[in-house]
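Below are the chains, spelled out letter by letter.
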Amino acid sequence: MAASASASLRHHLLLLRRPRFALSPIPTFRASSFPRLHQRLFASAPSSSAVEDGESSSSPVMPPDGSSVVDVNPPRGTRDFPPEDMRLRTWLFDQFREVSRIMAFEEVDFPVLESEALFIRKAGEEITQQLYNFEDKGGRRVVLRPEITPSLARLVIKQGKSVSLPLKWFTIGQCWRYERMTRGRRREHYQWNMDIFGMPKVRAESELLQAIILLFERLGITSSDVGIRVSSRKVLQAVLNMYSIPEHLFTEVCVIVDKLGKLTREEIEKELITTGLSSEAVQGIIEVLSLKSLPKLEEVLGSNVEAVADLKKLFSFAEQYGYADWICFDASVVRGLAYYTGIVFEAFDREGKLRAICGGGRYDRLLSTFGSEDVPACGFGFGDAVIVELLKEKGLLPDLSRQIDDIVFPLDEELEGPASSVASSLRRKGRSVDLVEDKRLKWVFKHAERINAGRLILVGKSEWERGMVRVKILSTREEYEVKADELQ
């Protein structure tokens with residue numbers, strides 16, 4: 001028996017010494033090649049709305065009892081994450097977390113389901129029209145959060161005096177908005193937020209900008225690929241003061257002028273006039289918001305205006321941090337959310353093919369809108385969708401093929417127990433191990449190539465009787481025997 005087993009093992013190893021096989025292409029089947037019963041499992045055509053939205057057609061599947069048709073696609077605007085996509089998401093989130101660690105931020109998290117009141121504001125913001133909101137079974141108005149900052153503010157208020165300022169927190173969470181889908185914009189996305197509470201000076205903004213730029217640099221993106229536009233809400237406030245425009249119109253005007261670049265100048269002017277602004281004030285606002293030079297802004301507003309002083313200090317910090325070539329002044333940047341109060345910024349691709357990559361700013365008066373004492377704060381949100389599109393454009397997506405350290409394979413059914421012992425021992429040592437059985441050795445060899453396995457560990461009868469296993473290093477074809485309890 002031992003001689004027979006040994007001969008069998010030699011035969012298996014001869015197979016292993018053959019050149020590696022190329023992966024066979026997956027066969028393609030036409031619907032006509034399936035039996036009629038299987039053809040009935042699939043719907044015939046996508047709806048017109050699906051085509052208009054640029055979404056893939058549905059593939060409803062009939063359950064075995066024939067009760068109803070089940071759509072196997074996720075809801076419109078949402079995503080599945082099969083293994084290859086999950087590897088990319090995990091890699092990107094790891095980059096977010098590593099930059100946050102380098103910047104000495106702590107991670108926090110909150111429920112994706114929040115109170116609707118946290119996100120309902122009266123400034124006419126587009127986001128309030130895009131809420132996934134409903135009444136739960138207890139009669140409470142709730143919402144799938146469309147952004148993260150209000151949740152963060154809620155947690156800061158909840159923690160109260162139990163935490164010391166400044167707080168430097170980050171999170172990576174899912175956000176939901178019911179909006180028209182375009183490239184890099186879905187109805188759900190994941191977002192990296194970094195926020196600082198309790199730091200009133202522009203040092204906070206300069207730190208956040210460095211975090212964003214460190215992330216870009218880690219991903220291989222340069223300042224020739226991406227820029228960051230910087231301005232301040234105080235610029236617009238100073239212009240409104242020049243024309244004696246009432247304070248209560250400030251937020252509404254911000255929401256309108258945030259549409260610059262999305263609507264025509266004539267449409268923006270028309271919307272501003274409907275708020276009660278004079279034509280002279282509207283023209284003055286548009287002209288100032290067209291400025292791209294900080295010295296020119298200083299000429300218009302004067303050097304004593306707080307907005308100018310803040311921006312000059314920020315650009316000075318940029319020189320000291322070494323990222324001045326990444327940022328530029330653009331007075332038209334105001335950001336669409338009502339709670340911003342000071343410096344605002346957004347990153348853009350210089351070729352202009354994509355929407356904003358990330359954005360943020362200062363929001364010193366957010367906490368008081370929730371009935372708490374205000375704390376100076378600033379932060380940014382950085383979505384997962386646009387950055388991936390940019391990495392694709394630049395050919396910077398990493399190779400994230402599946403990689404396994406070892407495959408353990410028993411050559412006979414009676415060796416399944418010993419193979420389990422070998423696999424378990426390796427896993428306890430931290431190695432990733434795929435335990436394979438009930439397969440031909442040829443299949444195992446192809447499987448090893450598919451998953452980029454480093455080693456193939458064969459458990460054969462004669463070797464095991466001597467306390468040994470056979471190891472094949474798949475990259476070099478090197479083979480050797482080793483004691484099972486010494487396998488590392």
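All values derive from a computational prediction rather than experimental measurement. Along every chain, residues carry numbers that run from 1 in the direction the sequence is written. Note on the predicted model: pLDDT of at least 70 is required for a residue's local features to be given, and 80 or more for side-chain atom pairs to be given and counted; whole-chain, interface and lining totals, by contrast, use all residues. Water and hydrogen atoms were dropped before computing side-chain values, which therefore reflect all heavy atoms in the structure.

> Got a minute to help me understand the overall build of the protein chain in this structure?
Helix and strand counts for the protein chain come out as 16 helices and 18 strands. Out of the 488 residues belonging to the protein chain, those deemed buried represent 46%. Taking the contacts inside the protein chain whose residues are at least 6 apart along the sequence as the reference set, 67% of them involve residues at least 24 apart. Surface accessibility follows the Shrake-Rupley procedure with a 1.4 Å probe radius. Residue values consider only the protein chains on display as shielding. As displayed, the protein chain has an accessible area near 25,400 Å², and 50% of this comes from carbon and sulfur atoms. Put simply, DSSP H or I for four residues or longer makes a helix, DSSP E for two residues or longer makes a strand, and each gets a number counted from the N terminus. Burial classes follow relative accessibility: with a 1.4 Å probe on protein chains only, a residue under 20% of its type's maximum area counts as buried, one over 50% as exposed, and anything between as partly exposed. By definition, residues are in contact when any of their heavy atoms lie within 4.5 Å.

> What should I look at first to understand the packing of aromatic side chains in this one?
Here the aromatic set is Phe, Tyr and Trp, taking the six-membered ring for Trp, and pairing holds for ring centres within 6.5 Å; pairs whose planes are under 30 degrees apart are stacked, those over 60 apart are edge-to-face, and all others are tilted. With the rule as written, the count across this model stands at 16 aromatic pairs. Relative to Y363, the ring of F197 has its centre 5.9 Å away and its plane inclined at 80°; by these criteria the two rings are edge-to-face. Here F197 is found in strand 8 (residues 188-197), whereas its partner Y363 is found in the loop between strand 12 (358-362) and strand 13 (377-383), with 166 residues between them in sequence. When its relative accessible area of 0% is taken as the criterion, F197 is described as buried. Overall, the relative accessible area of 1% leaves Y363 in the buried class. Each residue in the set F81, F93, F96, Y190, W192, F216, W326, F380 and F382 is aromatic and connected to the rest through ring pairs, giving one cluster. The side chain of K439 reaches across the aromatic face of W443, ending 4.6 Å from its centre. Charge-over-ring placement is defined geometrically: NZ (Lys) or CZ (Arg) within 6 Å of the ring centre, and within 35 degrees of the ring normal.

> Is there a simple way to think about the nonpolar core in this case?
Most often, soluble globular proteins keep nonpolar side chains buried together rather than apart. Only buried residues count toward a nonpolar core. Its members are Ala, Val, Leu, Ile, Met, Phe, Trp, Tyr and Cys residues joined through side-chain atoms within 4.5 Å. W192, F216, I285, L297, F382 and I387 are the most contacted members of the largest nonpolar core, which totals 80 residues. The dominant element in this core, judged by the number of residues it contributes, is helix 6 (residues 203-219), at nine residues. Leaving out residues up to four positions away in the same chain, F382 has contacts with F96, Y190, Q191, W192, I212, L215, F216, I357, C358 and I387. Listed in part, the 22 residues of the second largest apolar core include L152, A153, L155 and L367.

> Is there a simple way to think about unusual backbone geometry in this case?
With glycine set apart, most residues show a phi of negative sign, and most peptide bonds adopt trans. Cis geometry marks the peptide bond from L165 to P166; its omega dihedral reads 0°. Examined against the element boundaries, P166 turns out to sit in the loop between helix 5 (149-159) and strand 7 (167-176). Of note in the backbone geometry, A104 takes a positive phi value of approximately 65° without being a glycine. Topologically, A104 is positioned in the loop between helix 4 (83-102) and strand 3 (106-107). Assessed through its relative accessible area of 54%, A104 is described here as exposed. With a phi angle near 55°, S244 is a residue other than glycine that sits in the positive phi range. Relative to the helices and strands, S244 resides in the loop between helix 7 (233-242) and helix 8 (250-257). Note on S244: relative accessible area 63%, which makes it exposed.

> Before we go on, may I ask you to explain helix 12 (residues 306-321) in this structure?
Quick reminder: α-helices carry 3.6 residues per turn. Residues three or four places apart thus point the same way. Expected span of a helix: the number of residues minus one, times 1.5 Å. With 16 residues, helix 12 extends 22 Å between its outermost C-alpha atoms, agreeing within 8% with the 22 Å of an ideal straight helix rising 1.5 Å per residue. For helix 12, the set of buried residues is A307, V308, D310, L311, L314, F317 and A318. The inward-facing, buried residues of helix 12 contact helix 6, strand 9 (226-232), helix 7, helix 11 (294-301), strand 10 (327-329) and strand 11 (343-349). Two residues or fewer past helix 12, G322 is found with a positive phi of approximately 90°.

> Explain the sheet that holds strand 16 (residues 455-459) to me, please; I cannot follow it from the model alone.
Hydrogen bonds along the backbone pair up the strands of a sheet, which may run parallel or antiparallel. By the convention used here, strands pair only if DSSP detects at least 2 bridges between them. Ordered in space as 15-14-16-17-18, the five strands form an open sheet in which the pairing is mixed. Each of the sheet's edge strands pairs with one partner strand only, and the pair in question is strand 15 (433-435) and strand 18 (478-483). The mean angle between the axes of side-by-side strands here comes to 25°, regardless of whether they run parallel or antiparallel. Where strand 14 (residues 406-410) and strand 16 come together, five bridges link them in parallel fashion. By the bridge assignment, F409 is partnered in strand 16 with L458. Contacts between helix 14 (residues 416-428) and the sheet are confined to strand 14, strand 15, strand 16 and strand 17 (468-473), with strand 15 contributing the most and set at about 165° to the helix. Throughout, an axis means a line fitted to C-alpha atoms (over the contacting stretch in the case of helices), and angles, computed between N-to-C directions, take values from 0 to 180 degrees. Contacts between helix 15 (residues 441-450) and the sheet are confined to strand 14, strand 15 and strand 16, with strand 14 contributing the most and set at about 175° to the helix.

> Sorry if this is basic, but what is going on with the environment of L92 here?
With respect to the helices and strands, L92 occurs in helix 4. Along the sequence, L92 and L215 sit 123 residues apart, while their C-alpha atoms lie 9.8 Å from each other.

> What should I look at first to understand the side chain of E207 in this one?
Take E207: it is sitting in helix 6. Beyond its immediate sequence surroundings of up to four residues, E207 is in contact with M103, K168, I196 and Y321.

> Where do I start with the pattern of salt bridges in this structure?
For this analysis, a salt bridge means a side-chain nitrogen from Lys or Arg found within 4 Å of a carboxyl oxygen belonging to Asp or Glu. The final tally for this structure, using the stated rule, is 30 salt bridges. Between E346 and R335 there is a salt bridge whose closest N-O contact spans 3.0 Å. Linking E346 in strand 11 with R335 in the loop between strand 10 and strand 11, this pair joins segments that are eleven residues apart in sequence. With relative accessibility at 17%, the residue E346 sits in the buried group. For the salt bridge of E479 with K472, the shortest nitrogen-to-oxygen distance reads 3.4 Å.

> How should the pairing of strand 18 be read in this particular structure?
Along any regular strand, the residues point their side chains to alternate faces of the sheet. Bridge analysis of strand 17 against strand 18 gives six bridges, and the strand direction is antiparallel. Each bridged residue has a counterpart across the sheet, and for R470 the counterpart in strand 18 is E481. Here strand 17 hands over to strand 18 after four residues, with R477 in that stretch at a positive phi of 70°.

> So what exactly am I meant to see when it comes to the UniProt feature "binding site: L-histidine" (unreviewed entry) in the protein chain here?
UniProt positions are given in the numbering used here, feature names are shortened, and annotations may be inferred rather than shown by experiment. Taking the UniProt record as the reference, the feature "binding site: L-histidine" (unreviewed entry) is found at E147, I148, T149, R177, Q191, D195, R335, Y339 and Y340. Setting aside residues no more than four positions away along its own chain, R335 makes contact with R233, C254, D258, Y340, V344, F345, E346, G359 and G360. For Y340, the position within the fold is in the loop between strand 10 and strand 11. When residues no more than four places from it in sequence are discounted, the contact partners of Y340 are R233, R335, G360, G361, R362 and Y363.

> Before we go on, may I ask you to explain the sheet that holds strand 9 in this structure?
With respect to topology, eight strands assemble into an open sheet ordered 3-7-8-13-12-11-9-10, the strand pairing being mixed. Only two strands of the sheet have a single partner each, and these edge strands are strand 3 and strand 10. As paired elements, strand 3 and strand 7 share two bridges and run parallel to each other. Bridge pairing in strand 7 places E107 opposite F170. Contacts from helix 6 reach strand 7, strand 8, strand 9, strand 11, strand 12 and strand 13, with the element oriented near 20° to strand 13. Across the face of the sheet, helix 13 (residues 384-393) comes into contact with strand 8, strand 9, strand 11 and strand 13 while running at roughly 55° to strand 13.

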